[in-house]
Amino acid sequence: MSNPPSRVNLLDFDPAALETFFVNMGEKPFRARQVLPWLHQRFCDDIAQMSDLSKVVRDKLSAVAEIRAPRVLRDTTASDGTRKWLFAVDNASGNETGAENAVEAVFLPEDDRGTLCISTQAGCMMDCAFCSTGQQGFNRNLSVGEIVGQLWVANRTLLAEGMNAPWIDAGRPPITNVVLMGMGEPLANFKNVVAALQLFLSDHAYGLSRRRVTLSTSGVVPMIDALRDACPVALAVSLHAPDDALRDRLMPVNRRHPLTELMAACRRYLDKAPRDFITFEYLLLADVNDAPTHAAALIDLVRDVPCKFNLIPFNPFPGAPYRAPTRDRVLAFQRVLMNAGIVTTIRKTRGDDIDAACGQLAGQVHNRVRYRMSDVPRRAEPREAATLSPVPREHHRFSCYPHTKHSVT
Ligand code: SAH
Ligand code: SF4
């Protein structure tokens, strides 16, 4: 069992929180604007090196704060340049179980950009039937420092290695786009995710534009509205079924927030979104949701929502009760949507050779408790959320779906 660290982690502060922290220390708020570039542009891990702070201020800061990025457990690169980091996420917060949790981030270099796919939770409680993360349980939300730390480590490592690519301006961090599509449901860790987003967007930190940051959600409707009000970045919604009966079965979140509600939330989001469309991700499961009739039903469903589709052929994992569709079936599905004038891309698999190991090394979740979203009753039999009880589970190894190219930009 590890004791919680006594000094605060500077990576845990969004810009506003860092100002408050300095004020509480008896310093001026502008210290935050001095320190943020050291942390998130120069990737400094030593307060003593912050040379534009006086020695007195540095000493005062070092007495109460430090810079703790998540520890890298494994770093793997595929032949196509896709790179995956496995991070330990226990050291920063102290985990009561003593077991080590780990999450992953994946770097996807492309011709015109470098994208990092990051995780927001150790595991996930949404229980989607096709997702290894969901099937294997939930441990806890990641802290702000653990979410931002994935970008911090990836940028710092690539910069130190002198990574060269057409999209990299000299001396600038190589990661130009961030997608919240790794482990976990970002909107179920709302506070920490929004704080991380503030850092991604801040000119004093990563300075990314809102359209270069994409959050993917399974459809937690009230939190889609909250995100629109707090920090509207580009939104991707995992749809995966054109009707409530099928979506209830595949994604238990639909029992609480059915499709009409979800479509309405998407329309409301577009009032403030940095793009004028929602990206619908649609996972294709052979003989479950991949028929041309499903595609036709989708056209009806999204009639009033400006959108694009990204089709994801199922990535199998051990014990999964689904199969990937054939290429012809995927193309036929795409054709139906395209013929209706909906831009539809097919997500290419990346990093195949490290995906082979993905099922084994991609993350570890040692369950503390498991809240099962699938314990939520169907709408016909309403029950108070408060009656949900945590289901304790044995510790076990965790595996995640193989990472694929995220063509959402
Ligand atoms: N929790 C969020 C973001 C993480 S999952 C969400 O669900 O949107 C990122 C994407 O991977 C989602 O669209 C999800 O449905 C998809 N996914 C999950 N399991 C998969 C699998 N076995 N094969 C392919 N994609 C999968
Ligand atoms: Fe969680 Fe997303 Fe997996 Fe569903 S698909 S269980 S929301 S990570």
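Draft legend 1. Representation of the overall build of the protein in the model. Helix and strand content of the protein: 13 helices and 14 strands. For the protein, with 409 residues in total, the buried portion stands at 59%. Counted over contacts in the protein with a minimum sequence separation of 6, partners at least 24 positions apart contribute 70%. In the structure as shown, the protein presents an accessible area of about 16500 Å², 51% of it carried by carbon and sulfur atoms.

Draft legend 2. Fine view of the pairing of strand β6 (residues 114-117). By the alternation rule, side chains of β6 split into Gly114 and Leu116 and Thr115 and Cys117, which are all buried. Taken together, the four bridges between strand β5 (residues 102-109) and β6 define a ladder with antiparallel strand orientation. Bridging across to β6, Val106 finds its partner in Cys117. As consecutive antiparallel partners, β5 and β6 are separated by four residues.

Draft legend 3. Examining unusual backbone geometry more closely. Positive phi is not limited to glycine here, since His240 has a value of about 70°. Relative to the elements of secondary structure, His240 occurs in the loop between β11 (234-238) and α8 (244-250). Here Asp287, not a glycine, exhibits a phi torsion of approximately 65°, which is positive. Counting through the fold element by element, Asp287 comes out in the loop between β12 (278-284) and α11 (292-301). For Asp287, a relative accessible area of 60% translates into the label exposed.

Draft legend 4. Representation of the site of ligand 2 in the model. Surrounding ligand 2, one finds Cys124, Met126, Asp127, Cys128, Phe130, Cys131, Gly134, Gly184, Glu185 and Ser218. In terms of residue class, the shell around ligand 2 is made up of five nonpolar, three polar and two charged.

Draft legend 5. Broad picture of the packing of helix α5 (residues 144-160) against helix α6 (residues 190-201). Packing of α5 against α6 leaves a shortest axis separation of 8 Å and a crossing angle of 40°. Judged by the twist between their axes, the crossing of α5 over α6 is right-handed. On α6, the residues touching Val144, Ile147, Val148 and Leu151 of α5 are Asn192, Val193, Ala195, Ala196, Leu199 and Phe200. Broken down by class, the residue content of the contact of α5 with α6 amounts to nine nonpolar, one polar and no charged.

Calculation rules
Residues numbered from 1 in each chain as written. Chains lettered and ligands numbered in written order. Predicted model: local features only at pLDDT ≥ 70, side-chain atom pairs only at ≥ 80, totals over all residues. Heavy atoms only, no water. Helix = DSSP H or I, 4+ residues; strand = E, 2+ residues; numbered from the N terminus. Buried < 20%, exposed > 50% of the residue type's maximum accessible area, 1.4 Å probe, protein only. Contact = heavy atoms within 4.5 Å. Areas by Shrake-Rupley, 256 points an atom, 1.4 Å probe, with all protein chains shown as cover. Pairing = 2+ DSSP bridges. Near = heavy atom within 4 Å. Nonpolar A, V, L, I, M, F, W, Y, C, P; charged D, E, K, R; others polar. Axes fitted to C-alpha atoms, helices over the stretch in contact; angles between N-to-C directions. Left-handed = near helix turned anticlockwise from the far one by under 90°.

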